[in-house]
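Residues per chain, in single letters:
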Amino acid sequence: MQIQPAEQLRLLDLADVDKNLNRLRHERGAVPQLTIIADADAQLAGTRADVIDTQTARNDLGREMARLESDIDSVRARIERNQQRLESGAVSSAKDVSALEHEMDTLARRQSTLEDQELELMERAEELDAQLEEVGKARASVEEIRAGAVADRDAAWTELDQQIRMTETQRSALADTFDAALLALYDKVRESGVPGAAVMTQRRCGACRIELAGSELAAVRAADPAEIIRCESCRSIMVRTAESGL
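Here is a short report on the structure shown in this document. (Residues numbered from 1 in each chain as written. Predicted model: local features only at pLDDT ≥ 70, side-chain atom pairs only at ≥ 80, totals over all residues. Heavy atoms only, no water.)

### Quick look at helix α4 (residues 180-191)
Selection rule: Per the convention used, a helix needs a DSSP run of H or I reaching at least four residues, while a strand needs a run of E reaching at least two, with both numbered from the N terminus. A helix is expected to span 1.5 Å multiplied by its residue count minus one. Between buried and exposed lies partly exposed: a residue is buried under 20% and exposed over 50% of the maximum accessible area for its type, with that area taken using a 1.4 Å probe on protein chains only. Taking the helix axis as origin, the arc is that swept by the directions to the C-beta atoms. In what follows, a contact means two residues having at least one pair of non-hydrogen atoms within 4.5 Å.
Counted at 1.5 Å a residue, the expected span for α4 with its 12 residues is 16 Å, and the 16 Å between its end C-alpha atoms agrees. Inspection of α4 places Leu182, Leu183, Leu185, Tyr186 and Val189 among the buried residues, and these make up the whole buried set. Down the axis of α4, the smallest arc covering the buried residues is 160°, so these residues share one side. The exposed set on the far side of α4, more than 90 degrees from its buried face, consists of Ala180, Lys188 and Glu191. Packing partners of the buried residues in α4 comprise α1 (5-28), α3 (94-175), β1 (197-199), β2 (229-230) and β3 (237-239).

Okay, structure coming up:
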């Protein structure tokens, strides 16, 4: 492909714009807030299971406490009824009185046992409530940090997106000034992951920094100034200047 040296030189301007565009896009995907958000999400995910397990245990405990309270109420009611029977004189025989008193003693011991169990459950419930409160405060703190990071990320993205759009517009306007075949070759090279064009300096390719030697160097020296020269190593277009050392 034959392209005038001045036109080849302008490829470096396009390469600079593309380099800047790549930098901006990389910055967008690497804003520091993304790390903060990812860390916050990991912390929230880690505590979510703890919250669910603790809340489940607390709910189970609540149901057990309600069952115990119902049993205690039943025992108390039975004791009250027996006490009322004794006090009313409805039970007259000594044998029946003794049996009723024995039952009341048994019920009192049962009530005491149930109340001890209820107290243990209440203490455990307080521990679980404290755990839930502590985890809740920790999650709230992480969520606040995350929300701040999201706001900062969005602000950074807004600014970078504006710069990217402006650079894309600049790139499009500049690209339209090039020969179509030259631009197609340049873009094809860029698709391989290397700069589409780079200046040759002191016999080194500006893209891969490999120094030309032997037959490759000889071929470049012998080439017409208008000939498009590509690096044999990285295939980038090598733009020759007075600093190329040829």
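### Things to note about the packing of aromatic side chains
What counts is decided by this rule: A pair of Phe, Tyr and Trp rings is counted when the ring centres sit within 6.5 Å of each other, with Trp represented by its six-membered ring. The angle between the planes then sorts it: under 30 degrees is stacked, over 60 is edge-to-face, the rest tilted. Whether a charge sits over a ring comes down to the Lys NZ or Arg CZ being within 6 Å of the ring centre and within 35 degrees of the ring normal.
For the structure shown, the criterion picks out 0 aromatic pairs. Here the basic side chain of Arg10 rests over the ring of Phe178, its NZ or CZ set 4.3 Å away from the ring centre.

### Re the environment of Val51
Turning to its location among the elements, Val51 is positioned in helix α2 (residues 32-88). Sequence separation of Val51 and Ala226 is 175 residues, and the distance between their C-alpha atoms is 71 Å. Discounting chain neighbours no more than four positions away, the residues touching Val51 are Leu132, Val135 and Arg139.

### Quick look at the layout of surface pockets
The following threshold applies: Definitions used throughout: a 1 Å grid over protein atoms alone; a cavity as a set of points that fits a 1.4 Å probe which cannot get out; a pocket as an open set with protein on both sides within 12 Å along at least five of seven lines; a lining residue as one with an atom within 4 Å of a point. Grid points are joined across faces, edges and corners, and a volume is the space filled by probe spheres set on the points. All amino acids are sorted into three groups, where Ala, Val, Leu, Ile, Met, Phe, Trp, Tyr, Cys and Pro are nonpolar, Asp, Glu, Lys and Arg are charged, and the leftover types, Gly among them, are polar.
Within this model, the largest pocket holds a volume of roughly 350 Å³. Lining the largest pocket we find 18 residues, and of these Ala15, Lys19, Pro195, Gly196 and Ala197 sit closest to its centre. If you list the elements that add at least two residues to the lining of the largest pocket, you get α1, α4 and β1. With 6 residues, the single largest contributor to the lining of the largest pocket is α1. Taken together, the residues of the lining of the largest pocket break down into 9 nonpolar, 4 polar and 5 charged.

### A few points about the nonpolar core
Side chains that are nonpolar tend, in soluble globular proteins, to be buried together. Put simply, the test is: Only buried Ala, Val, Leu, Ile, Met, Phe, Trp, Tyr and Cys residues count toward a nonpolar core, and they belong to the same one when joined by side-chain atoms within 4.5 Å.
Counting residues in hydrophobic clusters, the biggest one holds 18 residues, and the most contacted among them are Leu11, Phe178, Leu182, Tyr186 and Ile237. Excluding its chain neighbours within four sequence positions, the residues that come into contact with Leu11 are Phe178, Leu182, Tyr186, Ala197 and Ile237. Leu61, Ile72, Val75 and Ala125 belong to the second-largest nonpolar core, a separate cluster that totals 12 residues.

### Quick notes on the sheet that holds β3
Applicable threshold: Any two strands between which DSSP finds at least two bridges are classified as paired. The axes are straight lines fitted to the C-alpha atoms, using for helices just the contacting stretch, and the angles between their N-to-C directions are given from 0 to 180°.
Reading across from one edge, β1-β3-β2 is the order of the 3 strands in this open sheet, with mixed pairing throughout. The sheet is open, and its two borders are formed by β1 and β2, each paired with just one other strand. In terms of strand pairing, β1 meets β3 through 3 bridges, oriented parallel. Paired with Ala197 across the bridge in β3 is Ile237. Lying over the sheet, α4 contacts β1, β2 and β3, oriented at roughly 115° with respect to β3.

### Points about the packing of α1 against α4
Each packed pair of helices is defined by two parameters, the angle between the axes and the distance between the axes. Keep this limit in mind: By the definition adopted for this analysis, an angle is roughly parallel if under 35 degrees, roughly antiparallel if over 145, roughly perpendicular if from 65 to 115, and oblique otherwise. Note: crossing handedness is left-handed where the near helix turns anticlockwise from the far helix by less than a right angle, and right-handed where it turns clockwise.
Closest axis-to-axis distance for the α1/α4 pair is 12 Å, and the angle between their directions is 40°. What the angle tells us is that α1 and α4 run oblique. Viewed along their axes, α1 and α4 form a crossing whose handedness is right-handed. Contacts between α1 and α4 involve Glu7, Leu11, Leu14, Ala15, Asp18 and Asn22 from the former and Leu182, Leu183, Tyr186 and Arg190 from the latter.

### A few points about a negative patch on the surface
Put simply, the rule is: Patch membership requires more than 30% relative accessible area and the absence of a salt bridge. Residues of like charge join within 9 Å; the nonpolar side chains Val, Leu, Ile, Met, Phe, Trp and Tyr join within 5 Å. The accessible surface values rely on the Shrake-Rupley method and a 1.4 Å probe; as for residues, cover is taken only from the protein chains in view. In the sections that follow, a salt bridge refers to a side-chain nitrogen of Lys or Arg positioned within 4 Å of a carboxyl oxygen of Asp or Glu. The convention is simple: Lys and Arg are positive, Asp and Glu are negative, and His and the chain ends are not counted. Here the site of a charge means atom NZ of a Lys, CZ of an Arg, CG of an Asp or CD of a Glu.
A grouping of Asp116, Glu120, Glu123 and Glu126 is seen on the molecular surface, where their side chains present a negatively charged patch. Note that Asp116 resides in helix α3.

### Thoughts on the side chain of Thr54
Along the chain, Thr54 falls in helix α2. Residue classification places Thr54 among the buried positions, given a relative accessible area of 14%. Among all residues touching Thr54, those that are not within four sequence positions of it are Leu128, Gln131 and Leu132.

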